[in-house]
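Working through the structure, step by step
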Amino acid sequence: MQLAEPCIGCHGEKGISPAGTFPSLAGQTANYTYKQLRDYADGKRDNVMMSSVAQGLSEQDSADLAVWFQSLPAAQNKASKQDLSKAEVLVDQGNGKKILPPCFTCHGADGKGQRMDIPALAGQQAEYTINTLLEYKNGTRHNDIYSRMRLIARQLSDDEIKQLGELYQQMK
């Protein structure tokens, strides 16, 4: 798709980012990608490079890109031998003491997202997921509806955040 050519350098030719600092967009839910593009364009989400790209896109261009990226196969990452037990508990059970719901409630048991504004996390770059959760935790990212992720991330330890990033990267 010609419209996606400017995206290749950061997000990869087939939507799978070659660098952990940039998200893979292949297989991402179209509604979520569209929302992020519009948030960059409207200034609700801040990134010098993405804001300028998104401001050059019409709403239709944003929708077309979002649908195209969703149509691509998501990244398939190999499992590691790390102990990710804290993350597995958070995904499957949450944490009742901290009043944290299980991650699967919103992101799905397979990590592929399910609702309009909820991203797929399966196969996502661990570094990107970790940085995103840390940005929610410290409040520098604030385009989540009803502050959901900011409220959740503030209750997570840095170790839990790291494990969640690694676990979701390995999900297929």
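You'll find the structure just up there.
How each quantity is defined
- Residues numbered from 1 in each chain as written.
- Predicted model: local features only at pLDDT ≥ 70, side-chain atom pairs only at ≥ 80, totals over all residues.
- Heavy atoms only, no water.
- Helix = DSSP H or I, 4+ residues; strand = E, 2+ residues; numbered from the N terminus.
- Polar contact = N/O pair within 3.5 Å; in protein donor to acceptor, adjacent residues only side chain to side chain.
- Contact = heavy atoms within 4.5 Å.
- Buried < 20%, exposed > 50% of the residue type's maximum accessible area, 1.4 Å probe, protein only.
- Arc of directions from axis to C-beta.
- Salt bridge = Lys/Arg side-chain N within 4 Å of Asp/Glu carboxyl O.

This part takes up the side chain of Gln-36. Along the chain, Gln-36 falls in helix H2 (residues 30–42). Here Arg-141 takes part through its side chain, which lies 3.0 Å from a polar atom of the side chain of Gln-36. For Gln-36, the contacting residues outside a window of four places in its chain are Arg-45, Arg-141 and Asn-143.

Here we take up helix H3 (residues 48–55). Every α-helix winds through 3.6 residues per turn, so residues three or four apart in the chain are directed the same way. By the burial criterion, the buried members of H3 are Met-50, Ser-51 and Ala-54. Buried residues along H3 cover an arc of 100° about the axis, so they all sit on one side. Turning to H3, the residues buried within the fold contact helix H1 (8–11) and H2. Where H3 begins, the capping side chain belongs to Asn-47, and its oxygen is found 3.1 Å from the backbone nitrogen of Met-49.

As a further point, take the pattern of salt bridges. With the rule as written, the count across this model stands at six salt bridges. Linking Asp-158 and Lys-137 is a salt bridge whose minimum nitrogen-to-oxygen distance equals 3.0 Å. Here Asp-158 is found in helix H9 (residues 158–170), whereas its partner Lys-137 is found in helix H7 (residues 126–138), with 21 residues between them in sequence. On the accessibility criterion, Lys-137 (25% relative accessible area) is partly exposed.

Just geometry here; none of it tells us what the structure is for.
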